[in-house]
Amino acid sequence: MAKRLFTALLAAMPWMVEAQTTKAVYAHFIVGIVENYTVDDWKADITQAQAIGIDGFALNCAPPRIDSYTPKQLANAYQAAQALNFKMFISFDFAYWSTGDTPEITSIVGNYSSHPAQAHGGAIVSTFVGDNMDWNAVKKALPNQKITALPNIQDPNYLASAQTGLDGAFSWYAWPTDGGNSIIPGPMTTIWDNRFISNLAGRPYMAPVSPWFFTHFNTKNWVFICENQPTLRWEQMLQLKPSLVEIVTWNDFGESHYISGSQPHHSDDGSSAWATGYPHDGFRTLWAPYIAAYKSGAAKPTVKSDQLVYWYRTTPKNTVCTGDTLGVPNGVQLLADVVFVATMLTSPAQLTVTSGGNAPVTVTVPAGIQTTNFTMGVGNQSFSVSRNGQKILGGTSAKAIANSCVKYNYNPYVGVLP
Ligand SMILES: *[C@@H]1O[C@H](CO)[C@@H](O)[C@H](O)[C@H]1NC(C)=O
Ligand SMILES: *[C@@H]1O[C@H](CO)[C@@H](O)[C@H](O)[C@H]1NC(C)=O
Ligand SMILES: *[C@@H]1O[C@H](CO)[C@@H](O)[C@H](O)[C@H]1NC(C)=O
Ligand SMILES: *[C@@H]1O[C@H](CO)[C@@H](O)[C@H](O)[C@H]1NC(C)=O
C-alpha cells in the first residue's frame, strides 16, 4: 500500500526522482556472467533488489569484442528496469576497456543517457579502474545530455587535481587494505572513505559496501579480513552519510561478495566450487533496515520484527584440505574462528548459541541490530532467542562446521531465523 502510494507520487512529481539520487543505493551487477539472461531473468533480480530498497544496478560490462552479448544484455537490463521503475547505469570495466574506446563508450552512454530507466542526477556513468579516462571528451560529444561521471579512482589524492571531467568518484576499497590487493588485519575502517571525501571537496562520493571477500582461482587466491563487516560497514555508512552507496556486489560469486539469490541462469566461471550451497540471502534480510536508515539519514536501523542472521566459515582456519592444488588462500591466518550472529530485535532478549561441541553460550542482546561472535565449534550450529523466559525463535543451521575438507572454501554460509 505505502509502496504503491510512493510510486504514484514519483509519477506525479518527477523532481522526486532527482532528489532520490542524493541518497540512493546501487548494487554492482556483473553482466559478464549473464550472457543468456532474458528480460524476465533481469526482472527476477530487480524484484529481489527492490524488496530491500536497492534503487538500481551498476552494470559492470566489457566491450563487445570481449563479450559479444554486452549490447544485448544492457538493452535487456534497461528494458526490465523501465518496466519495474528501477534504475540502471553503466560501469565500464577498464580491465577490458581502454581510453582508446572513447568513441564506443560515448555511443553507449549516449544511447542510454535519456532512457527512462537511466539512474539520474545527471545520467550516471561509472567504472572499475580506468582512472585516466577523459569524461570531458564524452560530455563534449553529447552536448545535449547532462552526464555525471562517478568513476572508480584508485588514488584519492588524484581527485584534488584531476582534469578528466569527473563529477565525483567511487572507491573500490571495500575491504581492509593498504591499497591495491594488500591484505591487512581487520576490522574495516573509514580511512579510505575519508581520503576520498576530503579530496572530493563537496563533490559526490559513492561509497562501497561489501559483505565479504574470498576468491580461489589460480590467478587470485586470497581472503580479505572483513568478517564482522556485514553489519560494521553499514554502521560506518550511517555515520559517514556518503552521497551514494554502491553495494559490492550483487552477483560476483567469484569473489564471494554476492547478496543476490542463486541466479539459476548465470554462467559459471568456476566459482560454483565455493558459491553453490553457500546462500547469502540472509545478507539482504540484514541489510534492508540499514538501507532504509541510510536513505532517511537515521543513525540507527529500525527493526520491525524479531529475526536473526548468522554467518560463518564452514571449516576452522587450520584445517588442511586434502585435494586442493592451489593451496591455502593468502590471509587465512588472520581470520578468526568464530560464528557471527546479528540479532534484529524489537526489544532486548537473550541469545543462546551452541556451536558444535562447545557448551551453549547465552548473552543479553539489546533492541535493534547487534552483532555478537562466538567461538567456533565443529558440528551443528544452533541458535535460539528468548524473552521473559519464553523462546521466541530458534533453529539449527542446515550446514555444519567440519574439520575436514577437500578444497579450501572460506565463503561464509549465511542463514536467517525464522
Ligand atoms: C541502443 O539501445 C537499444 C535499446 O534501447 C539497443 O537495442 C541497442 O543495442 C543499443 N545500441 C548500443 C550501441 O548500445
Ligand atoms: C548461451 O547460449 C548459447 C546458445 O544457446 C550457448 O552456445 C552458450 O553456451 C550459452 N552460454 C552460457 C554461458 O550458458
Ligand atoms: C568478536 O567480539 C569481540 C567482543 O565484542 C570483539 O572484540 C572481536 O573483535 C570480535 N571478533 C571479530 C573477528 O569480529
Ligand atoms: C546435526 O543435526 C542433524 C539434524 O539436524 C543430525 O541428524 C545430526 O546428527 C547432527 N550432527 C551432530 C554432530 O550432532
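Note that the coordinates shown come from a computational prediction; the quantities given were computed from them, not determined experimentally. (Residues numbered from 1 in each chain as written. Chains lettered and ligands numbered in written order. Predicted model: local features only at pLDDT ≥ 70, side-chain atom pairs only at ≥ 80, totals over all residues. Heavy atoms only, no water.)

(A) Structural view of the overall build of the protein chain. A count of helices and strands for the protein chain gives 10 helices and 18 strands. The globule rule puts the C-alpha radius of gyration for 418 residues at 22 Å, and the 22 Å found for the protein chain is close to it. For the protein chain, the C-alpha atoms occupy an extent of roughly 70 × 50 × 40 Å along the three principal directions. Within the protein chain, buried positions represent 55% of all 418 residues. Pairs at least 24 residues apart make up 74% of the contacts formed inside the protein chain by residues separated by at least 6 positions. As displayed, the protein chain offers around 16,800 Å² of accessible surface, 54% of which is attributable to carbon and sulfur atoms. Charge separation in the protein chain, taken as the distance between the mean sites of 25 positive and 27 negative side-chain charges, equals 8 Å. (Helix = DSSP H or I, 4+ residues; strand = E, 2+ residues; numbered from the N terminus. Rg over C-alpha atoms; globule rule 2.2 N^0.38 Å. Buried < 20%, exposed > 50% of the residue type's maximum accessible area, 1.4 Å probe, protein only. Contact = heavy atoms within 4.5 Å. Areas by Shrake-Rupley, 256 points an atom, 1.4 Å probe, with all protein chains shown as cover. Lys, Arg positive; Asp, Glu negative; His and termini not counted. Charge placed at Lys NZ, Arg CZ, Asp CG, Glu CD.)

(B) Up close: the sheet that holds strand β14 (residues 361-365). What the 4 strands build is an open sheet, ordered β14-β13-β16-β17; its pairing is antiparallel. A single partner strand is all that each edge strand has here, and the edge strands are β14 and β17 (390-396). Strand after strand, the sheet turns through a mean of 20° between neighbouring axes, direction not considered. By the bridge criterion, 6 bridges tie strand β16 (residues 381-387) to β17 in an arrangement that is antiparallel. Looking at β17, one finds that valine 385 is bridged to leucine 393. (Pairing = 2+ DSSP bridges. Axes fitted to C-alpha atoms, helices over the stretch in contact; angles between N-to-C directions.)

(C) Looking closely at the confidence of the model for the protein chain. Averaged over every residue, the pLDDT of the protein chain is 94; the share at 70 or more is 95%. Scored below 50 in pLDDT, residues 1-21 makes 16 contacts in the model with residues more than four places away or belonging to other chains. (pLDDT = per-residue confidence, 0-100.)

(D) Quick peek at helix α8 (residues 229-240). End to end, α8 covers 15 Å across 12 residues, agreeing with the expected 16 Å (1.5 Å per residue, within 8%). If you check which residues of α8 are buried, you get Gln229, Pro230, Thr231, Arg233, Trp234, Gln236, Met237 and Leu238. Two residues or fewer past α8, lysine 241 is found with a positive phi of approximately 50°. (Expected span 1.5 Å × (residues − 1).)

(E) Structural context of the nonpolar core. Ranked by size, the top nonpolar core spans 111 residues in total, and within it Trp42, Ile54, Phe57 and Trp234 carry the most contacts. Structurally, this core is a two-domain feature, drawing no fewer than three residues from each of domain 1 (2-296) and domain 2 (307-417). If we ignore the near neighbours within four places in the chain, the residues touching phenylalanine 57 are Tyr26, Ala27, Phe29, Trp42, Asp45, Ile46, Ala49, Phe86, Lys87, Met88, Phe89 and Trp250. (Core = buried A, V, L, I, M, F, W, Y, C linked by side-chain atoms within 4.5 Å. Domains from an automatic or database assignment.)

(F) Expanded view of the sheet that holds strand β3 (residues 87-93). If you walk across this open sheet you meet the 8 strands as β5-β4-β3-β2-β1-β10-β7-β6, and the pairing is parallel. Either end of the sheet is taken by a strand with one partner, and the two such strands are β5 (147-150) and β6 (169-170). Helix α4 (residues 70-84) contacts β2 (56-61) and β3 of the sheet and is inclined by roughly 160° relative to β3.

(G) Main features of the pattern of salt bridges. Taken as a whole, this structure holds 8 salt bridges when the rule is applied. A salt bridge links glutamate 255 to lysine 220, with the shortest nitrogen-to-oxygen separation between them at 2.5 Å. With a gap of 35 residues between them, glutamate 255 in the loop between β10 (244-247) and α9 (272-275) and lysine 220 in the loop between β8 (214-216) and β9 (221-223) connect regions that are remote in the sequence. By relative accessible area, which is 11% here, glutamate 255 ends up buried. Between arginine 284 and aspartate 281 there is a salt bridge, and its shortest N-O distance comes to 3.2 Å. One end of the pair is arginine 284 and the other is aspartate 281, both in helix α10 (residues 281-296) and 3 residues apart, which spans about a single turn. You can call aspartate 281 partly exposed: its relative accessible area is 30%. (Salt bridge = Lys/Arg side-chain N within 4 Å of Asp/Glu carboxyl O.)

(H) Quick look at the state of the cysteines. In this structure the tally under the stated criterion is 1 disulfide. The disulfide bridge from cysteine 321 ends at cysteine 405, spanning 2.1 Å between sulfur atoms. One disulfide, between cysteine 321 and cysteine 405, carries an S-S torsion of -100° and so falls in the left-handed class. Placement of the pair is cysteine 321 in the loop between β11 (307-312) and β12 (338-345) and cysteine 405 in the loop between β17 and β18 (413-417), with a sequence separation of 84 residues. With a relative accessible area of 9%, cysteine 321 lands in the buried category. Between cysteine 226, a free cysteine, and cysteine 321, which holds the nearest cysteine sulfur, the sulfur-to-sulfur gap is 19 Å. A residue is classified by how much of its surface remains accessible, and cysteine 226, at 0% relative accessible area, is buried. (Disulfide = S-S within 2.5 Å.)

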